[in-house]
Amino acid sequence: MKKTKKLLACLIAAATMFTMGSTAFAAETAEAETKTPVSSVTLTKSYKLEVADMKSPAETFNYTVTAANVTDAASGITKDNMPMPKVTSYTTAYTAGEATVGGAKKDFTIVLPDDYSSVGIYYYTVAEIKGNTLGVTYDEKTVTLKVTVVNNKTGNGFDRYVAVYKNVSDNKSTKLTEGQNAFENVYSANSLPVKKVVTGNLGDKNKLFTVTVTLKNNTGKTMTSDISYIAGSEENTIKVSDWNGTTVTKDIQLKNEQTITFTNLPFGVEYVVTEADYTGNNGGYDAPKYEYKNNDKKISVADQSVTITNNKDSNNIDTGINLTTLPYILVFAGVIVIAGAAFITRRRRYED
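Residues numbered from 1 in each chain as written. Predicted model: local features only at pLDDT ≥ 70, side-chain atom pairs only at ≥ 80, totals over all residues. Heavy atoms only, no water.

J.: Any chance you could explain the overall build of the protein chain here in plain terms?
T.: Along the backbone of the protein chain there are two helices and 19 strands. Counting all 352 residues of the protein chain, 33% fall into the buried class. Pairs at least 24 apart in sequence give 73% of the contacts found in the protein chain among residues at least 6 apart. Summed over its atoms, the accessible surface of the protein chain is roughly 21600 Å², and 53% of this surface lies on carbon and sulfur atoms. (Helix = DSSP H or I, 4+ residues; strand = E, 2+ residues; numbered from the N terminus. Buried < 20%, exposed > 50% of the residue type's maximum accessible area, 1.4 Å probe, protein only. Contact = heavy atoms within 4.5 Å. Areas by Shrake-Rupley, 256 points an atom, 1.4 Å probe, with all protein chains shown as cover.)

As structure tokens, then:
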């Protein structure tokens, strides 16, 4: 009786395991059947602004597709001779100002090879070619296309299935879903406000001071961005053609409490602010005081500004009275008054 119960228990357990295995197998098969063969894969890229209200330069991003590896294919098929897409160079172009804070998205489509002669798993690397535009960050992380080639149901051809992976490091990658960014680029630029302050009892609040702003691009990258600034109500532009090699200089006029802001300066641009000589015989002002909010004097994500303070004071203001001789004048006046009073008194007595 006990042996019968044990045998029955074993049969029930085996049946349960078989049922579970059959269910899992059925689910796996059903999932595979829902996959759709493809002939191409579309990758999405994003171009964003790091700082709002800046204007990105026009930029064309370029990509290459290269063979990476192949497994489970017929003998003799290697990375060096595996099928390749007919087009292995791609671009996405943006006009000036297209980048946004949220990221302006564009797609490019890679057509897969149509000449596979064997089943297998084929790996392709998609990489962005690093450009040289100042302020633009290029995506150095590559993307892997995993193309699984299987016999189709008719038995006279192959079906292709694709998975896309972003290689976030040497040993780690993440699988991308449709529409997720395969490549990301950032345009980094910021503003530089230059402000004038006039102090002192003789400081002229309406006087225009000549200020020179010098911008330097010592990064080795190419400046392709126009820089704008507003003087009064007039907007001005420093064009790319205005640069003398790596330097551009602009003279501006500022009076008390006036600020001129240079916008769209790419990260890495250095700046120096100087002023004409208004000391001594040139105006009598003290040497100007320069206050840099960012002591690095280099455009970055940090807030930066330059404030120039001119002071003119005088402790010898001429009021029309020489306070040094005033006591003597008062004494002399008093003597005259007393002498005059004494003369008048004696004259009245004489007349009486």
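J.: Would you explain the sheet that holds strand S12 (residues 209-216) in this entry?
T.: By definition, the strands of a sheet pair up through backbone hydrogen bonds, in either a parallel or an antiparallel sense. Pairing within the open sheet is antiparallel, and its three strands lie in the order S15-S12-S17. A strand with exactly one partner marks an edge of an open sheet, and here the two such strands are strand S15 (247-254) and strand S17 (270-275). Shown here is a sheet whose adjacent strand axes are inclined to one another by a mean of 20°, direction ignored. (Pairing = 2+ DSSP bridges. Axes fitted to C-alpha atoms, helices over the stretch in contact; angles between N-to-C directions.)

J.: Whenever I open this one, the packing of aromatic side chains confuses me. Can you help?
T.: Each aromatic ring pair is summarised here by two numbers: the centre-to-centre distance and the angle between the ring planes. Per the counting criterion, the structure on display carries 13 aromatic pairs. Ring centres of Tyr47 and Tyr94 lie 5.0 Å apart, and the angle between their planes is 65°; this geometry places the pair in the edge-to-face category. Of the two residues, Tyr47 sits in strand S1 (residues 40-49) while Tyr94 sits in strand S3 (residues 89-94), which places them 47 residues apart along the sequence. Tyr94 carries the same exposure label as Tyr47, and that label is buried. (Phe/Tyr/Trp six-rings, centres within 6.5 Å; stacked < 30°, edge-to-face > 60°.)

J.: Would you explain the layout of surface pockets in this entry?
T.: Where empty space is left in the structure can be found by rolling a water-sized probe over the atoms. If you add up the space inside the largest pocket, you get close to 910 Å³. For the lining of the largest pocket, the elements supplying multiple residues, two or more each, are helix H1 (2-34), S1, strand S7 (143-151) and strand S8 (158-167). The leading source of residues in the lining of the largest pocket is S8, at six residues. Split into classes, the residues belonging to the lining of the largest pocket amount to 13 nonpolar, eleven polar and eight charged. Within this model, the second largest pocket holds a volume of roughly 160 Å³. Lys55, Ser56, Pro57, Ala96, Thr224, Ser225, Asp226, Ile227, Ser228, Thr237 and Asn264 are the residues that line the second largest pocket. Looking at the lining of the second largest pocket residue by residue, the classes come out as three nonpolar, six polar and two charged. (1 Å grid on protein atoms, 1.4 Å probe; cavity = no way out; pocket = protein on both sides within 12 Å on 5 of 7 lines; lining within 4 Å. Points joined across faces, edges and corners; volume = space filled by probe spheres on them. Nonpolar A, V, L, I, M, F, W, Y, C, P; charged D, E, K, R; others polar.)

J.: Help me out: how do you make sense of the pairing of S7 in this one?
T.: Direction of pairing for strand S5 (residues 120-128) relative to S7: antiparallel, over a ladder of seven bridges. Along S7, the bridge assignment pairs Tyr124 with Leu145. The pairing of S7 with S8 spans nine bridges and is classified as antiparallel. Its bridge partner being in S8, Val149 is matched across the sheet by Arg160.

J.: Hey, could you run me through the confidence of the model for the protein chain in this one?
T.: A low pLDDT means the predicted coordinates there should not be read in detail. For the protein chain, the mean per-residue pLDDT works out to 87, and 81% of the residues sit at or above 70. Below pLDDT 50 for its whole length, residues 1-34 participates in zero contacts with residues either more than four positions away or in separate chains. (pLDDT = per-residue confidence, 0-100.)

J.: Please clarify how the nonpolar core should be interpreted in this entry.
T.: Nonpolar side chains tend toward joint burial in soluble globular proteins. Within the largest apolar cluster, 60 residues are counted, with the highest numbers of intra-cluster contacts made by Leu43, Val126 and Phe262. With near-sequence residues (within four places) excluded, Val126 lies in contact with Leu43, Tyr63, Thr64, Val65, Phe108, Ile110, Thr142, Val143, Leu145 and Phe183. (Core = buried A, V, L, I, M, F, W, Y, C linked by side-chain atoms within 4.5 Å.)

J.: Any chance you could explain the side chain of Asn167 here in plain terms?
T.: Along the chain, Asn167 turns up in strand S8. The buried category is assigned to Asn167, whose relative accessible area is 19%. At 2.8 Å, the side chain of Asn167 forms a polar contact with the side chain of Thr142. (Polar contact = N/O pair within 3.5 Å; in protein donor to acceptor, adjacent residues only side chain to side chain.)

J.: Quick question: what am I supposed to make of the environment of Asp204 here?
T.: Summarising the element assignment, Asp204 is placed in the loop between strand S11 (189-199) and S12. The sequence separation of Asp204 and Asn256 amounts to 52 residues, and the corresponding C-alpha distance is 8.1 Å. The contacts of Asp204, once residues within four sequence positions are left out, are Val198, Phe209 and Tyr285.

J.: Sorry, what's going on with the sheet that holds strand S13 (residues 227-231) here?
T.: Reading across the sheet, the six strands line up as S14-S13-S16-S11-S19-S18 and stay open at both edges, with mixed pairing between neighbours. For this open sheet the edge positions go to strand S14 (234-238) and strand S18 (289-292), each flanked by a neighbour on one side alone. Along the sheet, successive strands turn relative to each other by an average axial angle of 15°, direction set aside. In this sheet, strand S16 (residues 259-266) lies alongside S11 in antiparallel orientation, the contact comprising six bridges. Bridge pairing in S16 links Lys195 to Thr259.

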